[in-house]
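# Fold and contact review
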Amino acid sequence: QVQLVESGGGLVQAGGSLRLSCAASGRTFRTSAVGWFRQAPGKEREFVAAVDWIGISTYYSPSAKGRFTISRDNIKNTVSPQMSDLKPEDTAVYYCAADSYRGPLRTGAPEYAYWGQGTQVTVSS
């Protein structure tokens, strides 16, 4: 079992930065990949970024690549995406999720078994 709690969301102007955080507990977190997803009103949940259980391998969606950087601290049990150059289209509820699969990083929401409650990110133009 893994429990996840997101924080760090808020209101930011376009071009600004935010650092989200996902705090985790549970025995299997340190051997789980962690992904971040987002969901805007009226849209499906979409993949943003993921990091493997060691913290070495990362993968980004095309919209996040070059602007977001994901990292993890397995001592503090946290995973944090640093988001920069934010755009109004980044506005969404952001979720972190854990995947116990230790193969290549996965991007499909159904493949992640554990989810946090989400944190709202709003980017004003």
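Our subject in this report is the structure included herewith. What you are looking at is a predicted structure, and each value in this text was computed from that prediction instead of being measured.

### Digging into the pairing of strand β6 (residues 46–51)
Counting buried positions along β6 gives 5 out of 6 residues, so the element sits mostly inside the fold. For strand β5 (residues 33–39) and β6, the ladder comprises 5 bridges, and the chain directions are antiparallel. The residue bridging phenylalanine 37 from the neighbouring strand is phenylalanine 47, located in β6. Inspection of the sheet shows β6 paired to strand β7 (residues 58–60) by 3 bridges, in the antiparallel sense. Across the sheet, residue valine 51 finds its bridge partner in β7, namely threonine 58.

### Details of the environment of valine 34
Within the secondary structure, valine 34 is located in strand β5. With 12 residues separating them along the chain, valine 34 and cysteine 22 place their C-alpha atoms 9.2 Å apart. Residues contacting valine 34, with those up to four places away along its chain left out, are Phe29, Ala49, Ala50, Val51, Ile70, Arg72, Val79, Cys96, Ala97 and Tyr112.

### Digging into the pattern of salt bridges
As enumerated under the stated definition, the model contains 5 salt bridges in all. Among the ionic pairs, arginine 38 bridges to aspartate 90, the shortest N-O distance being 2.8 Å. One end of the pair, arginine 38, is in strand β5; the other, aspartate 90, is in the loop between β9 (78–83) and β10 (92–99), with 52 residues separating them in the sequence. With relative accessibility at 1%, the residue aspartate 90 sits in the buried group. Its salt-bridge partner being aspartate 99, residue arginine 106 comes within 2.9 Å of it at the nearest N-O pair. Shared partners join several salt bridges into a network, and the residues in it are Arg38, Glu46, Arg67 and Asp90.

### Some points on the environment of arginine 72
Inspection of the secondary structure assignment puts arginine 72 in strand β8 (residues 68–73). With sequence-adjacent residues up to four places away left out, arginine 72 is seen in contact with Phe29, Arg30, Ser32, Ala33, Val34, Val51, Asp52, Trp53, Ile54, Gly55, Thr78 and Val79. Among the polar contacts listed, one links the side chain of arginine 72 to the backbone oxygen of phenylalanine 29, at a separation of 3.1 Å. There is a polar contact of 2.8 Å between the side chain of arginine 72 and the side chain of asparagine 74.

Cut-offs used in this document
Residues numbered from 1 in each chain as written. Predicted model: local features only at pLDDT ≥ 70, side-chain atom pairs only at ≥ 80, totals over all residues. Heavy atoms only, no water. Buried < 20%, exposed > 50% of the residue type's maximum accessible area, 1.4 Å probe, protein only. Helix = DSSP H or I, 4+ residues; strand = E, 2+ residues; numbered from the N terminus. Pairing = 2+ DSSP bridges. Contact = heavy atoms within 4.5 Å. Salt bridge = Lys/Arg side-chain N within 4 Å of Asp/Glu carboxyl O. Polar contact = N/O pair within 3.5 Å; in protein donor to acceptor, adjacent residues only side chain to side chain.

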